[in-house]
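Observations on the model geometry
Given next are the chains, with one letter for each unit.
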Amino acid sequence: FKFTPKLEVYLENTKLNVPNIAIFRGPWLNGPSVSVWNTLLSFCEDNNVRVLNNATYHEIRSFDKLNQHLFFEKNNIPYVDTVVYSKKSLIKANLPPFPFIVKSSLGSHGDFVWKINSEEDINNLDIKDAPFLVQPMLPNARDVRVIILGGNPIGAMERVAKSGGYLSNFSAGGSVNSFDLSKNSEVFNMSKKLADALKCEYGGVDLMQDNKGNWKVLEINLFCQFEGFEKATKIDVPLQLISYLTS
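About the thresholds
Residues numbered from 1 in each chain as written. Predicted model: local features only at pLDDT ≥ 70, side-chain atom pairs only at ≥ 80, totals over all residues. Heavy atoms only, no water. Pairing = 2+ DSSP bridges. Helix = DSSP H or I, 4+ residues; strand = E, 2+ residues; numbered from the N terminus. Axes fitted to C-alpha atoms, helices over the stretch in contact; angles between N-to-C directions. Buried < 20%, exposed > 50% of the residue type's maximum accessible area, 1.4 Å probe, protein only. Arc of directions from axis to C-beta. Polar contact = N/O pair within 3.5 Å; in protein donor to acceptor, adjacent residues only side chain to side chain. Contact = heavy atoms within 4.5 Å. Disulfide = S-S within 2.5 Å. Salt bridge = Lys/Arg side-chain N within 4 Å of Asp/Glu carboxyl O. Expected span 1.5 Å × (residues − 1).

A closer look at the sheet that holds strand 8 (residues 100-104)
- Taken in spatial order, the four strands line up as 7-10-8-9 in an open sheet, and their pairing is antiparallel. Each of the sheet's edge strands pairs with one partner strand only, and the pair in question is strand 7 (83-85) and strand 9 (113-116). Strand-to-strand twist across the sheet, computed as the mean angle between neighbouring axes with direction ignored, equals 25°.
- Pairing between strand 7 and strand 10 (residues 132-136): three bridges, direction antiparallel. Each bridged residue has a counterpart across the sheet, and for V83 the counterpart in strand 10 is V134.

Right, here's the structure in full:
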């Protein structure tokens, strides 16, 4: 960045021209990344750039998993029971039944998610990944990803973990199948409610059923990939996204 005195943005010493449209691909989490993110947003807004999900970026300050759960709680979005710990010793002092899931608050795309089968697995956690979100191991190694565009669900896929695994993400080796939202109104309505509350234009809502068959939101990803979704649904996401942004 250069403030001389008007803000200018550079990439590898090359001044960037002001775009018509901007899609932010990386998550704003904490520390220096938030300052960079906010500076780029300000640059876009001052230059009348169309920013995808701009209202969402003003609705929630940081998009780590901890802040997402706080948002779910405040907006009555059903979510998986979660306990957050800052230390490994606190997890061991309040052990849930094995196996259970631990997630780093800063993880995404299936990264920094661990299946905990023993106290030794807890010892192997890296404190740098704290705070830790502890969740029960839900019955099926499958979930549903609903893609939102223009604030509305446009389709969904079921993701199934590979044999013996627990991560259902397509990028982590999970298989994908089309999921019919017209026959699953609860999933449609829950995804729509979250998108409305978050003022989300584009994103992926992940949901899973608990032991009683109730749907729960796992998270929403504003930077969701769509390779697996296109394979499962045959929906051309880039074409629809470009059409939406340029209409």
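That shown, we press on.
Re the pairing of strand 14 (residues 202-209)
- Counting buried positions along strand 14 yields seven of eight residues, so the element is predominantly enclosed.
- In this structure, strand 11 (residues 142-149) lies alongside strand 14, joined through six bridges in antiparallel fashion. If you follow I147 over to strand 14, its bridge partner there is G204.
- Strand direction decides the pairing type here: strand 14 and strand 15 (residues 215-221), joined by six bridges, are antiparallel. Paired with Q209 across the strands is W215, a residue of strand 15.
- Here strand 14 folds back onto strand 15, and the loop between the two strands holds five residues, one of which, G213, carries a positive phi near 85°.

Considering helix 3 (residues 65-74)
- Within helix 3, burial applies to K65, Q68, H69, F71 and F72. Along helix 3, the residues classed as buried sweep out an arc of 160° about the axis, all on the same side.
- Where helix 3 begins, the capping side chain belongs to D64, and its oxygen is found 3.0 Å from the backbone nitrogen of L66.
- Once helix 3 ends, the next one or two residues include N76, with phi positive near 55°.

Quick word on the sheet that holds strand 13 (residues 175-178)
- Ordered in space as 13-12-11-14-15, the five strands form an open sheet in which the pairing is antiparallel. Two strands close off the open sheet at either side, each with one partner strand: strand 13 and strand 15. Along the sheet, successive strands turn relative to each other by an average axial angle of 30°, direction set aside.

Remarks on the side chain of H69
- Mapping H69 onto the fold places it in helix 3.
- From its side chain, H69 meets the backbone oxygen of K65 in a polar contact 2.9 Å long.
- Those residues in contact with H69 that lie beyond four places of it in its chain are Y79, V80, T82, L133, Q135 and L218.

Things to note about the state of the cysteines
- Taken as a whole and assessed by the stated rule, the structure comprises zero disulfides.
- C224 forms no disulfide, and the closest cysteine sulfur to it belongs to C200, at a distance of 8.3 Å.

A few points about the pattern of salt bridges
- Inspection of the entire model under this criterion finds 10 salt bridges.
- With a shortest N-O distance of 3.3 Å, E8 and K15 are connected by a salt bridge.
- Among the residues examined, K15 registers a relative accessible area of 47% and is labelled partly exposed.
- Measuring nitrogen to oxygen at the nearest pair gives 3.2 Å for the salt bridge that ties R159 to D206. Here D206 lies in strand 14 and R159 lies in strand 12 (residues 152-160), a separation of 47 residues in the sequence. Both residues of the pair, R159 and D206, belong to the buried class.
- Overlapping salt bridges bring together D143, R145, R159 and D206 as one network.

Quick word on the side chain of T56
- Relative to the elements of secondary structure, T56 occurs in helix 2 (residues 54-59).
- Overall, the relative accessible area of 0% leaves T56 in the buried class.
- The contact partners of T56, leaving out residues within four places of it in the chain, are L198, K199, C200, E201 and L222.

Points about helix 6 (residues 185-198)
- Between its terminal C-alpha atoms helix 6 stretches 20 Å, which fits the 20 Å expected from 14 residues at 1.5 Å a residue.
- Packing partners of the buried residues in helix 6 comprise helix 2, helix 3, strand 11, strand 12, strand 14 and strand 15.

Considering unusual backbone geometry
- For the peptide bond that leads from T4 to P5, omega is -15°, which places it in the cis range.
- F98 connects to P99 through a cis peptide bond whose omega is -10°.
- Relative to the helices and strands, P99 is located in the loop between helix 4 (88-93) and strand 8.
- Phi is positive for E12, close to 50°, though the residue is something other than glycine.
- Unlike most non-glycine residues, N53 shows phi in positive territory, near 70°.
- Taking the relative accessible area as the measure of exposure, N53 reaches 1% and is therefore buried.

Interpretation in functional terms is not warranted from these geometric data alone.
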